[in-house]
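Secondary and tertiary structure notes
For reference, the chains in residue letters:
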Amino acid sequence: MLKISSLKKLVTDSMAIDLGTASTLIAVKDRGVVLDEPSLVAIHEISEEIVAFGQEAADMEGREGRDLVVREPMIGGVVADFEKTKKMLAHFVKKAKSGGSNLAIQAVMSMVSDVTHVEQRALLNAAEEAGIGKVFMMEEGLAAAFGAGVLPTDKRASAIIDIGAGTTNIAVIAKGSVVHSTSERYGSNEINDVIATHLRRHRGLQVGAETTEFLKTNFVSTYLPDDISKTIEVRGRDVQTGSPAAVEITSGELYPVVESVVRRIAQLVKDTLTELRPEVAADIYDRGVILTGGGALLDGLDQYLRSFINLPVTVADEPRYATVLGLVKMFDDLKLLERVARNELNVLQNAEIPFEA
Ligand SMILES: Nc1ncnc2c1ncn2[C@@H]1O[C@H](COP(=O)(O)OP(=O)(O)OP(=O)(O)O)[C@@H](O)[C@H]1O
Ligand SMILES: [Mg+2]
């Protein structure tokens, strides 16, 4: 159990960090979100040295110079490359620090609910090596709920569906505790993948990440558009000849491709909602579900889910920021942080002496 006294300091020099698959967000008490950058690094292939982080690395993606390659150190919400995650986090933390304070900072971070001990330890060690003095971890679903406005004192249940880039996390919360959760390492990036695969296999065109992201955020939707023959020209590389090329695609053509991913996510939500105890189910029947995460911004996703589960669906005000805003709220309520912090880290760090108090 963490002691309040050790938490007091948190308020003065503290950060909330949401280290996501797609983006890293940092918020500071009373200042809100101070950093919002892609979770990317650009690496020199031969020296393995990192030459750019975040937005700067993203701007190179797909058009990297010779010898350079852009990588995601986090995959599916967990650390995929320890060294790169650590360096990226250190870079972002330094950038977010105000006034060059030399104090060892402390942070609250989120983690996916089904995180393994090994994955959790990797995240913790990355944070420690990035120069964060003390790390408190809490479940992403709980943070997203608080960020979306669910009150920790509310005794009735709320359901939060966070659709991130690499994960979908469903959490049912009551009285500031998770009463049920499911999480799958499957998220909005799956849509980019199916669009790219469709174009390659059926239209003979290879496209880059920027193109699929543009199509996802500007062209596709979860409902069959009124005008299914609305077209867009997509450019890339011809699969057969290798030459620069373009094809015309229609919204009707991409609709079923995208729908297959959305249906799988909706099915996960539906299945999870059948696993609730009666009183909890009754609360959710009244209140419906809240969507958070960048994936919630997909055009028509809320309507799709509403008709799939037959319950009210609302999108949080700033869905991409819900988790980090929930994390930063913990600094206003240290008692709550003390209760929700999953600091098995002490246990983890002393893994070889498991029975020590
Ligand atoms: N306007 C939009 N329409 C559709 N999708 C969007 C939109 N804006 C962002 N996204 C998608 O949201 C995802 C990023 O969401 P978010 O920032 O919540 O992910 P993350 O927290 O980094 O990932 P995770 O929680 O899985 O680790 C990306 O897949 C991105 O393409
Ligand atoms: Mg996230």
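Here the structure is a predicted model, which means the values were calculated and not measured.

**Overview of the packing of helix H8 (residues 251-273) against helix H10 (residues 301-309)**
Packing of H8 against H10 brings their axes to within 10 Å, and their N-to-C directions diverge by 45°. The pairing of H8 with H10 is recorded here as oblique in orientation. Remark: the crossing between H8 and H10 carries right-handed chirality. When H8 is examined against H10, the residues Glu 259, Val 262, Arg 263, Ala 266, Gln 267, Val 269, Lys 270 and Leu 273 are found in contact with a partner set consisting of Leu 301, Tyr 304, Leu 305, Phe 308 and Ile 309. Partitioned by chemical class, the residues of the contact of H8 with H10 number 9 nonpolar, 1 polar and 3 charged.

**Some words on the environment of Gly 300**
Examined against the element boundaries, Gly 300 turns out to sit in the loop between strand E17 (289-292) and H10. Taking C-alpha positions, Gly 300 is 9.9 Å from Leu 224, a pair spaced 76 residues apart along the chain. The residues contacting Gly 300, other than those within four sequence positions of it, are Thr 222 and Tyr 223.

**Digging into the domain arrangement of the protein**
Along its sequence, the protein is carved into domain 1 (4-146 + 321-349), domain 2 (154-187 + 259-319) and domain 3 (189-258). Using C-alpha coordinates to define each centre, domain 2 is positioned 28 Å away from domain 3. Between domain 2 and domain 3, the contact holds 13 residues from the first and 13 residues from the second. Buried area between domain 2 and domain 3, both sides added, is near 1,100 Å², and the carbon and sulfur share of it is 57%. When the buried area of domain 2 at its contact with domain 3 is split by residue, Glu 259, Leu 298 and Asp 299 rank highest and sum to 45% of it. For the pair domain 2 and domain 3, the number of links is 0 salt bridges.

**Let's talk about the pairing of E17**
Because side chains alternate across E17, one face comprises the buried residues Val 289 and Leu 291, and the other comprises Ile 290 and Thr 292, equally buried. The pairing of strand E11 (residues 158-163) with E17 spans 4 bridges and is parallel. Counted as the bridge partner of Ile 161 is Leu 291 from E17. For E17 and strand E18 (residues 313-315), the ladder comprises 3 bridges, and the chain directions are parallel. From the neighbouring strand, Val 289 faces E18, where its bridge partner is Val 313. As for the winding sense of the linkage, the β-α-β connection from E17 through H10 to E18 is right-handed.

**Considerations on the packing of aromatic side chains**
Counting across every chain of the model gives 1 aromatic pair. Taken together, a centroid distance of 6.0 Å and an interplanar angle of 15° make the contact between Tyr 304 and Phe 308 stacked. One end of the pair is Tyr 304 and the other is Phe 308, both in helix H10 and 4 residues apart, which spans about a single turn. The residues Tyr 304 and Phe 308 share a single accessibility class, namely buried. Positioned above the aromatic ring of Phe 136, the side-chain terminus of Lys 134 is 5.4 Å from the ring centre. The aromatic ring of Tyr 186 is capped on one face by Arg 264, whose charged end is 3.6 Å from the ring centroid.

Rules behind the numbers
- Residues numbered from 1 in each chain as written.
- Chains lettered and ligands numbered in written order.
- Predicted model: local features only at pLDDT ≥ 70, side-chain atom pairs only at ≥ 80, totals over all residues.
- Heavy atoms only, no water.
- Axes fitted to C-alpha atoms, helices over the stretch in contact; angles between N-to-C directions.
- Helix = DSSP H or I, 4+ residues; strand = E, 2+ residues; numbered from the N terminus.
- Parallel < 35°, antiparallel > 145°, perpendicular 65-115°, else oblique.
- Left-handed = near helix turned anticlockwise from the far one by under 90°.
- Contact = heavy atoms within 4.5 Å.
- Nonpolar A, V, L, I, M, F, W, Y, C, P; charged D, E, K, R; others polar.
- Domains from an automatic or database assignment.
- Buried area = accessible area lost by both parts, 1.4 Å probe.
- Salt bridge = Lys/Arg side-chain N within 4 Å of Asp/Glu carboxyl O.
- Buried < 20%, exposed > 50% of the residue type's maximum accessible area, 1.4 Å probe, protein only.
- Pairing = 2+ DSSP bridges.
- Right-handed = clockwise from strand over helix to strand, strands pointing away.
- Phe/Tyr/Trp six-rings, centres within 6.5 Å; stacked < 30°, edge-to-face > 60°.
- Lys NZ or Arg CZ within 6 Å of the ring centre and 35° of its normal.

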